[in-house]
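Structural characterization, general
The lines below spell out each chain.
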Amino acid sequence: MTTVPTAQDAPTQDARARRAALDLPYTRVDDMFIDGAYVPARGTGRNPVTDPATGEVWGEVPDGSAEDVDAAVAAARRAFDAGPWPRLSPSERAAYLTRIADEIEARAETLALTNTRENGSPITETRGAAANAAGIFRYFATLAEYLEREDVRPFPFAPGQESVVRREPVGVCALIAPWNFPINLVVIKLAPALLAGCTVVIKPASPTPLSIRFIVDAVAAAGVPAGVVNLVTGSGRMGDLLVKHPGVDKVAFTGSTPVGRRIAAACGELLRPVTLELGGKSSAIVLPDADLDAMAKVLIRSSMRNTGQTCYISTRILAPASRYEEVVEMARSVIAAAPQGDPLDPATVFGPSATKSQFETVMGYVESGLEEGARATAGGRAASFAPETGLEGGFFVEPTVFADVTPSMRVSREEIFGPVLTILKYDDSAPGGGVDEAVALANNTEFGLGGLVFSSDPEAALAVADRVDTGSIGINFFASNHSAPFGGRHDSGLGTEYGVEGLSAYLTYKSIHRKAG
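Since the model is a prediction, treat every value here as computed from it, not as a measurement.

It is worth spelling out helix α9 (residues 212-221) at this point. Among the ten residues of α9, eight are classified as buried, and the element is accordingly described as predominantly covered. When α9 is considered as a whole, its buried residues turn out to be I212, R213, F214, I215, V216, D217, A218 and V219. The first or second residue beyond α9 is G223, which carries a positive phi of 90 degrees.

Our next topic: the pairing of strand β13 (residues 316-320). Extensive coverage of β13 is indicated by the burial of five of its five residues. Burial along β13 is two-sided: R316, L318 and P320 facing one way and I317 and A319 facing the other are all buried. In this sheet, β13 lies alongside strand β12 (residues 283-286) in parallel orientation, the contact comprising three bridges. Note on β13: the bridge partner recorded for I285 is L318. Once you follow β12 into helix α12 (residues 292-303) and on to β13, the crossover reads as right-handed.

Burial of the side chains of β12 extends over both faces: S283 and I285 are buried on one face and A284 and V286 on the other. As paired strands, β12 and strand β17 (residues 452-454) are joined by three bridges and run parallel to one another. Paired with A284 across the bridge in β17 is L452.

Next up on the list: the nonpolar core. Core analysis: the largest hydrophobic core is formed by 98 residues, its most contacted members being F137, F140 and L190. A374, M409, I416 and L441 belong to the second largest nonpolar core, which has 30 residues in total.

Time to look at the layout of surface pockets. Once rolled over the atoms, a probe with the size of a water molecule shows which space is left empty. Each pocket or cavity is described by its volume, and for the largest pocket that value is around 1,200 Å³. If you trace the largest pocket, you find 49 residues lining it, with W179, G255, S256, V259 and Q358 closest to the centre. Tallied by class, residues from the lining of the largest pocket come to 21 nonpolar, 17 polar and eleven charged. Approximately 440 Å³ is the volume found for the second largest pocket. Around the second largest pocket, the lining comprises 29 residues; the ones closest to its centre are N132, F181, N184, R305 and Y312.

What counts, and at which threshold
- Residues numbered from 1 in each chain as written.
- Predicted model: local features only at pLDDT ≥ 70, side-chain atom pairs only at ≥ 80, totals over all residues.
- Heavy atoms only, no water.
- Buried < 20%, exposed > 50% of the residue type's maximum accessible area, 1.4 Å probe, protein only.
- Helix = DSSP H or I, 4+ residues; strand = E, 2+ residues; numbered from the N terminus.
- Pairing = 2+ DSSP bridges.
- Right-handed = clockwise from strand over helix to strand, strands pointing away.
- Core = buried A, V, L, I, M, F, W, Y, C linked by side-chain atoms within 4.5 Å.
- 1 Å grid on protein atoms, 1.4 Å probe; cavity = no way out; pocket = protein on both sides within 12 Å on 5 of 7 lines; lining within 4 Å.
- Points joined across faces, edges and corners; volume = space filled by probe spheres on them.
- Nonpolar A, V, L, I, M, F, W, Y, C, P; charged D, E, K, R; others polar.

Set out below in structure tokens:
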């Protein structure tokens, strides 16, 4: 077992000093954004916001009530039924989206710092959130022409008759976001919903309720009419109220598969459209000819991004037996060399788990891996920090690389959502180089969200990628493309986000039949 270096190994400012130097506009707030303004919450409860790197409470937001949800949905309903937003042309709405993008970028640094304090994502990660969010808004703005394009379809077997197909906004949308990427996983719902002409109520995850206010501020600064975008905060109960609210027309949710199942059941009963982006347990298939030096350069981004708290990352490495120890050593050396520490320190690669409960979940998986016979070549325990660092109360798990993993182990089958990498073996001496076994291992999961193939032969890699049962897969790298659909299969969700397909999720269709000419 190898000890992971920490950011404290270098003479840097301690966590307390960094936090004391911050001057963030949102820490303890009493309001929600409803009908174009921040208004006092009707609910009297409060939810703390905890810094997972220190374990200290540093913020507070209202724990909303049914009355807050009713007010937010009513505002969105009025804005949709009687307001100007759905009645603007798509190009006019696109102009607002472009202004929103500009306003988000103007708030980039305070957004990043707030995000890092909420969930412990390294500042090098969160400093990209504003630019990525702006890019999503700008991309969807380019789809205005698609919405404005006339769609007239002749009857196939009835000359002289045709149908005009209208694309109309689906209505009031409940957007429910997770804590791991609290900005971009809202924006990928918000941008297409707004371009389509929908109005929305946003409910952020309870650990990350403050950073989303910068997106709301950007919307308001861009001049979006009152009621089009609303924000409520609180526990999961608030999400339940939104999902089942009679004034909501569509639900979009990113989060865990168990919660997604409950939302799907509620929406099924209500015949309410729903988009679900849920969990994953993706695999990286390493073909025998893979360039391991090139793989090493993308390993953390592809398999341990955001301290392993990313839904699509390939946390299972499927390595050929002939190069197994070589792959294990590469992964061990890459992970062991990446510093763990204060997420506000730009030198940090691995931060804490986002919450205490998630820390406990991840440690439970680490312990189960050791008990079932996996070999920890790096990590394998909770991280500890000296009191002088200010991190001794944080929720840190050492980034862990497990070798000698078998398909039946829990760490191989279940989503961990933490800094734990598992390496399995397939027999490349079998006919076809063991590709059949590797693909079978990759598909031996209830999920189907991401994946990777590493190979020096692009055509061979593409042939393998085509056989993996997943919504997205990369060849020698993985990244999200704003213009390409992203969605999961099986227990990884329903529907897609990104691309024109993601826009279509916020549309409803009307066919008008008429005589041609």
